[in-house]
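Next come the chains, spelled out residue by residue.
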Amino acid sequence: MINVQSQFCKNANAYESYNIIQNRVVKKLLEKIAESPQYILDIGCGSGAVYKSMTWHPKKFVAVDFAEEMLKIHPKDENTELYIADFNQKGFLEKFEDYRFERIISSSALQWGDNLDDIFGQISLLNTPISFAIFTSGTFKTLLKTASIPPLLRSKDTLIELSQKYFDAEHEVLKYSLEFASVRDMFQYMKKSGVGGGRNILSVKQMRELMNNYPLNYLEFEIILIHEKS
Ligand SMILES: C[S@@+](CC[C@H](N)C(=O)[O-])C[C@H]1O[C@@H](n2cnc3c(N)ncnc32)[C@H](O)[C@@H]1O
């Protein structure tokens, strides 16, 4: 069943908004996990939004990311283990074959998976309930349409179909709109937030045209939560 939830963040300035959406998404994702799992794997952990937002203290929190700078600023405690791993590389989970996790979490990262079919397949081999939040093609929808750029990300339907191949999960779609005081702030956000995956999707000329023609004073985000009950 798909459940759609919308929220509107008003007047975000570029600075405070860099992580605002990702942090809200983490909170929503963690709310789904009722049973306080003690052995957790976090894929694409970044600077630790999942770990920092947890309301319980797990016995072991294993976090992976391919960006060393992110792991450097991830919290480190007696219960954390941090590893560099690229989920686009085959066998990125091999070193965890002997681990027994109680939940695998991934928030705002797997949209950058090149072959999500393969990544989901590798994750499913760990036989552990999953909770994923993945950005969909509904993100920046009007903006991409205005600039005649095809969607960068997979649609929610594609993600649901893929997840059904490997997981027995429920799905919820979150929609957020982030309003900006100026178009300049909005584009600044896009550049710095990392939501664009570090890609320069527009040339300077395209960017200028878009700033003149974008019909909204907010950016759209769509995220799908894919959650398996334990
Ligand atoms: C938007 S951040 C989300 C971080 C954190 N999970 C959160 O919710 O705030 C996406 C993270 O995915 C990581 N990432 C992107 N592609 C990756 C890959 N191929 N392998 C591992 N990590 C990746 C990035 O380095 C970044 O830390």
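Preceding block: the structure.
In this text the structure is predicted, and so the values were computed from the model without any measurement. (Residues numbered from 1 in each chain as written. Predicted model: local features only at pLDDT ≥ 70, side-chain atom pairs only at ≥ 80, totals over all residues. Heavy atoms only, no water.)

So, on to the pattern of salt bridges. For the coordinates displayed, the defined rule picks out nine salt bridges. Arg 103 serves as the salt-bridge partner of Glu 35, at 3.3 Å between the closest nitrogen and oxygen. Separated by 68 residues along the polypeptide, Glu 35 in the loop between α2 (20–31) and β2 (39–43) and Arg 103 in strand β5 (residues 103–107) bring together distant segments of the chain. Judged by relative accessible area, which is 0%, Arg 103 ranks as buried. A salt bridge links Lys 165 to Asp 117; the nearest nitrogen and oxygen atoms lie 2.7 Å apart. Remark: Asp 117 occurs in helix α5 (residues 116–124) and Lys 165 occurs in helix α7 (residues 156–166); sequence separation between them is 48 residues. Lys 165 gets classed as exposed once you look at its relative accessible area, which sits at 53%. (Salt bridge = Lys/Arg side-chain N within 4 Å of Asp/Glu carboxyl O. Helix = DSSP H or I, 4+ residues; strand = E, 2+ residues; numbered from the N terminus. Buried < 20%, exposed > 50% of the residue type's maximum accessible area, 1.4 Å probe, protein only.)

What follows concerns the pairing of strand β7 (residues 170–180). Most of β7 sits out of view: nine of its 11 residues are buried. Here β7 pairs with strand β8 (residues 218–227) via 10 bridges, running antiparallel. Residue pairing across strands places His 171 opposite Ile 226, the latter belonging to β8. (Pairing = 2+ DSSP bridges.)

Take the pairing of β5 next. Burial analysis of β5 places five of its five residues in the buried class, the great majority of the element. The alternating pattern of β5 places Arg 103, Ile 105 and Ser 107 on one face and Ile 104 and Ser 106 on the opposite face, and all of these are buried. In this sheet, β5 lies alongside β2 in parallel orientation, the contact comprising three bridges. Within β5, the residue paired with Leu 41 across the bridge is Ile 104. Examined bridge by bridge, β5 and strand β6 (residues 130–135) share four bridges and lie parallel to one another. Considered in β6, the bridge of Ser 106 is made with Phe 132. Each parallel crossover has a hand, and for β5 linked through α5 to β6 it is right-handed. (Right-handed = clockwise from strand over helix to strand, strands pointing away.)

Another point: the site of the ligand. Near the ligand there are 17 residues, and of these Gly 44, Asp 65, Asp 86, Phe 87 and Ser 107 occur at the shortest range. One of the backbone N or O atoms of Phe 87 is found 3.0 Å from a nitrogen atom in the ligand. Classifying every residue of the shell around the ligand by side-chain character gives nine nonpolar, six polar and two charged. (Near = heavy atom within 4 Å. Polar contact = N/O pair within 3.5 Å; in protein donor to acceptor, adjacent residues only side chain to side chain. Nonpolar A, V, L, I, M, F, W, Y, C, P; charged D, E, K, R; others polar.)

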